[in-house]
Structure formats: structure tokens, C-alpha cells
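Commentary on secondary and tertiary structure
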Amino acid sequence: MKVITQSVNFTADKKLIDFIQKRMDKLDLFYDKVIQTDVYLKVENTSDKENKIFEARVNVPGDSFVVKKQCKTFEEGADMAISSLERQLKKRKEKLRSQF
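Quick summary incoming for the structure in this document. (Residues numbered from 1 in each chain as written. Predicted model: local features only at pLDDT ≥ 70, side-chain atom pairs only at ≥ 80, totals over all residues. Heavy atoms only, no water.)

1. Regarding the nonpolar core
Counting 22 residues, the largest nonpolar core has Ile-20, Met-24, Val-39, Leu-41, Phe-54 and Leu-85 as its most contacted members. Looking at this core, the elements that each hand over two or more residues are helix H1 (14–25), strand E2 (36–43), strand E3 (52–60), strand E4 (63–71) and helix H2 (74–99). Looking at which element gives the most residues to this core, the answer is H2, with 6 residues. With residues up to four places along the chain from it excluded, the contact list for Met-24 reads Met-1, Val-3, Thr-37, Val-39, Phe-54, Ala-56, Ile-82 and Leu-85. (Core = buried A, V, L, I, M, F, W, Y, C linked by side-chain atoms within 4.5 Å. Buried < 20%, exposed > 50% of the residue type's maximum accessible area, 1.4 Å probe, protein only. Helix = DSSP H or I, 4+ residues; strand = E, 2+ residues; numbered from the N terminus. Contact = heavy atoms within 4.5 Å.)

2. Topic: the pairing of E2
Here strand E1 (residues 2–8) pairs with E2 via 7 bridges, running parallel. If you follow Ser-7 over to E2, its bridge partner there is Leu-41. Of the crossover connections in this fold, the one passing from E1 over H1 to the parallel E2 is left-handed. Relative to E3, E2 runs antiparallel, the two being bridged by 8 bridges. From the neighbouring strand, Gln-36 faces E3, where its bridge partner is Asn-59. (Pairing = 2+ DSSP bridges. Right-handed = clockwise from strand over helix to strand, strands pointing away.)

3. Describing the packing of H1 against H2
One can describe the packing of H1 onto H2 by two numbers: an axis separation of 10 Å at closest approach and a directional angle of 15 degrees. One element, H1, and the other, H2, form an angle in the roughly parallel class. The crossing of H1 and H2 is right-handed. On the side of H1, the interface is formed by Leu-16, Phe-19, Arg-23 and Met-24, while H2 contributes Phe-74, Glu-75, Ala-78, Asp-79, Ile-82 and Leu-85. A per-class count over the contact of H1 with H2 returns 7 nonpolar, no polar and 3 charged. (Axes fitted to C-alpha atoms, helices over the stretch in contact; angles between N-to-C directions. Parallel < 35°, antiparallel > 145°, perpendicular 65-115°, else oblique. Left-handed = near helix turned anticlockwise from the far one by under 90°. Nonpolar A, V, L, I, M, F, W, Y, C, P; charged D, E, K, R; others polar.)

4. Describing the packing of aromatic side chains
For the coordinates displayed, the defined rule picks out 1 aromatic pair. Ring geometry for Phe-10 against Phe-74: centres 5.3 Å apart, planes inclined by 10 degrees, an arrangement best described as stacked. Here the residue Phe-10 occupies a position in the loop between E1 and H1, and Phe-74 occupies one in helix H2, the gap between them amounting to 64 residues. On the basis of relative accessibility, which here comes to 24%, the residue Phe-10 falls in the partly exposed class. (Phe/Tyr/Trp six-rings, centres within 6.5 Å; stacked < 30°, edge-to-face > 60°.)

What follows is the structure, encoded as C-alpha cells:
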């Protein structure tokens, strides 16, 4: 799966990008028609510890899913967002199966 990662106002290290790619590749197990995934990593300028924003847009034929999570680390945000995407993709797959 093609994952495009963009970090806003900072430079993401290779280890973080590889982690995100590896986690996103697991989405193929739940729905194999994923076209592309856009990931946006943002850091808010606040004194709050949960200032990391992980946003993912998953494009599938005829639709797209968007998940946005705010956490202490990008890894935690990625895990939460991907588990949410797994549920959405499973739901879509079941919906498509029931139509046939």
C-alpha cells in the first residue's frame, strides 16, 4: 500500500515513518482494495502534553476514511487511529458483502 507521510512544522525521523508504514500495511489484512493513505503529523504549540496530532486519510474505491487522533506521542496516535480505521474498513467490507 502506498503511504504518503507529511510532517507539518517539523522533520519526522526515518524510524517514525517506518513504524507508520509497517502499521498501515496491516490494514491490507482487513480490506485489500486500499488505494492510497495520506498521513499528516502535526505538533501543536501548546503547553498541553497531548500536543501531537496524527491524521490519516485512507482512500478506497468510491470512498475515503479520515481519522484524527491527538496524543502524547505519534506512535500512540498511530495505534489508536489504525485500530479505528480497522473497524471502519471491516464495517465497509461487511456492508459490501451483504449487498451481493
